[in-house]
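# Structural overview
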Amino acid sequence: MEPTFLFSNIWLFFLFSSLAFVKFEYNYHGVFYITSLCLVGFVLNLYIGKVVGENVKKKNFIGFNIHKSNFILLGVVSLGMLVPFLNIRLNGFSISSFLSFDDFLEMNNQMAVNRYNGAHKTSTVMQILMVFEYLSPIIGGYHFASVNNKKNKLLGLLGFLPALSNILVQNTKSEFLSSMFFFVSSMMIANVYLGKDFRIKFSSLVKWTLTLLGALSGLILTMLFRIGEITSQNVHTVLNKFLIYAFGHVPTFDYWLGNYHETFGHGLGINTFIGIFNFLGISTRIRGVYSEYIIVEGFPANIYTVFRGLIEDFGVIGSFIFFSFIMGIVIFSYYSLIKRNNIYLSSFILLNGYFFVFYGFIISPWSYMSYILAMFLFLPYLIIVRSSK
């Protein structure tokens, strides 16, 4: 599916759902901004798609080396699996915490408390290994879509294993969501290259619905683990909080934009690409990126979406120009991959584009170097498994 078309549909869904289910005094500045971006997305899709999508002549197909992909996938997953074990050790716990449910809940809750209090311990080695935790679903998704054998497809699902293991240990939703978005993004890239049309079959719809429900159930369960006790009252509280997690970013951004005053001191990319600037020591990324909280239905929320960074970097009008420029490149890469031109660079750009579409409701996908490095490492993997030599 073409990225800008997907972007517009996802955000229209967020808008309608937020306005319907989240009680908030909207000023509609953010709602109007997002609606306008959706219209820009549809226009880009129609105009650029019409220009570059005509007379598609595909180059020769380059096969997929299953054996090399199997080897790389297992190696990357193995490295990613070291993250939860190292996490346990660095923060004073042991494997024995898994032997008792009460000890497990205590560890899970304490990990969450330490993370929010800034007491969570990490290391350079663990930061490096986290790149492989995110690379695992990228490779897993591409592998899953590129093979036909069910056994090999199941192997692709191993890409979720590091994130699933780590979520049990330190109770963080962002890592699982990132892994899910990476998996779907790379899977879609493989389907674009293979020329598989996006068709909704009833059996596939049932499977994906069950998968989504399972993922949501897992996220809700981790939220209960964070509380440390599973009761009917806690379940009710978590379900309400989950509603804010799912759709609270729209009222939060709407409130922020309604109180935003345009200045001439724009960041020129320092907020959108904070992961790179933080790595270079030019700017410092604080935990959570944004420290201001807004109360939405009784819960504090600080998810301002990728749009806040774009506006702070380029201004309101400039953010539309930047969005059009970036997504224009992504659309060209999409049709380039369909034609099988520059498949490695096109796939890399498209991975960034799809991840931007899926992850943008939280913050910029380029806010963390572990994400950026994982996407870069997708290139050598692709060159190895899809080489004409």
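Scanning the protein chain from N- to C-terminus turns up 16 helices and 2 strands. Per-residue burial for the protein chain yields a buried fraction of 52% across its 389 residues. Here the contacts in the protein chain between residues at least 6 apart in sequence split such that 79% fall between residues at least 24 apart. A total of about 19,000 Å² of accessible surface is found on the protein chain, and carbon and sulfur atoms cover 66% of it.

As a further point, take a nonpolar patch on the surface. Taken together, Phe85, Ile95, Phe98 and Leu168 make up a surface patch of nonpolar side chains, about 370 Å² in accessible area. Among the structural elements, Leu168 can be located in helix α8 (residues 161-170).

Looking at the secondary structure, you find Ser179 in helix α9 (residues 173-194). You can call Ser179 buried: its relative accessible area is 0%. Discounting residues that sit within four places of it in the chain, Ser179 has contacts with Glu133, Tyr134, Pro137, Phe160 and Ala163.

In this section: the packing of aromatic side chains. Under the definition given, this model contains 43 aromatic pairs. Ring geometry for Phe323 versus Phe356: centroids 6.5 Å apart, planes at 40 degrees, classification tilted. Taken as a pair, Phe323 in helix α14 (residues 305-338) and Phe356 in helix α15 (residues 343-359) lie far apart in primary sequence, 33 residues in all. Between Arg308 and the ring centre of Tyr304, over which it is positioned, the NZ or CZ distance is 4.6 Å. Lying over the aromatic face of Tyr193, Arg340 brings its terminal NZ or CZ to 5.5 Å of the ring centre.

Looking now at unusual backbone geometry. One non-glycine residue, Thr305, lies in the positive phi region at around 70 degrees. With respect to the helices, strands and loops of the structure, Thr305 is situated in helix α14. A residue is classified by how much of its surface remains accessible, and Thr305, at 1% relative accessible area, is buried. Phi at Arg340 takes a positive value of approximately 65 degrees, unusual for a residue other than glycine. Within the secondary structure, Arg340 is located in the loop between α14 and α15.

Attention now moves to helix α1 (residues 3-21). In this model α1 runs 27 Å from its N-terminal to its C-terminal C-alpha over 19 residues, within 8% of the 27 Å that 1.5 Å per residue would give. Within α1 the residues assigned to the buried category are Pro3, Thr4, Leu6, Phe7, Ser8, Ile10, Trp11, Phe14, Leu15, Ser17 and Ser18.

Now for the nonpolar core. Ranked by internal contacts, the top residues of the largest apolar core, which has 102 residues, are Trp11, Tyr33, Phe307 and Tyr354. Per-element tally for this core: the top contributor is α14, with 14 residues. When near neighbours in sequence (up to four residues on either side) are disregarded, Trp11 contacts Ile34, Cys38, His249, Val250, Thr305, Phe307, Gly360 and Phe361. One finds Phe104, Met107, Met111 and Val169 within the second-largest nonpolar core, a separate group that totals 5 residues.

What counts, and at which threshold
- Each chain has its residues counted from 1, following the order in which its sequence is written.
- In keeping with the predicted nature of the model, local features appear solely for residues at pLDDT of at least 70, side-chain atom pairs appear and are counted solely at 80 or more, and the whole-chain, interface and lining totals rest on all residues.
- Side-chain metrics rest on all non-hydrogen atoms present in the structure, leaving aside hydrogens and water.
- Counting from the N terminus, the helices are the DSSP runs of H or I reaching at least four residues and the strands are the DSSP runs of E reaching at least two.
- Only protein chains enter the accessibility calculation, which uses a 1.4 Å probe. A residue is then buried if its area is under 20% of the maximum for its type, exposed if over 50%, and partly exposed in between.
- Contacts are residue-level and defined by heavy atoms, with any inter-residue pair within 4.5 Å sufficient.
- In these tables, accessible area is a Shrake-Rupley quantity obtained with a 1.4 Å probe, and a residue counts as shielded only by the protein chains included in the view.
- Patches draw on residues past 30% relative accessible area with no salt bridge. Two like charges within 9 Å are joined, as are two nonpolar side chains (Val, Leu, Ile, Met, Phe, Trp, Tyr) within 5 Å.
- A carboxyl oxygen of Asp or Glu within 4 Å of a side-chain nitrogen of Lys or Arg is what we treat as a salt bridge.
- Planes of paired rings set the category: under 30 degrees apart is stacked, over 60 is edge-to-face and the rest tilted, where pairs are Phe, Tyr or Trp rings (Trp by its six-membered ring) whose centres lie within 6.5 Å.
- A positively charged side chain is recorded as over a ring if its NZ (Lys) or CZ (Arg) lies within 6 Å of the ring centre. The angle to the ring normal must also be within 35 degrees.
- Expected span, for any helix, means 1.5 Å times one less than how many residues it has.
- By convention a nonpolar core is built from buried Ala, Val, Leu, Ile, Met, Phe, Trp, Tyr and Cys residues, the set being connected through side-chain atoms within 4.5 Å.

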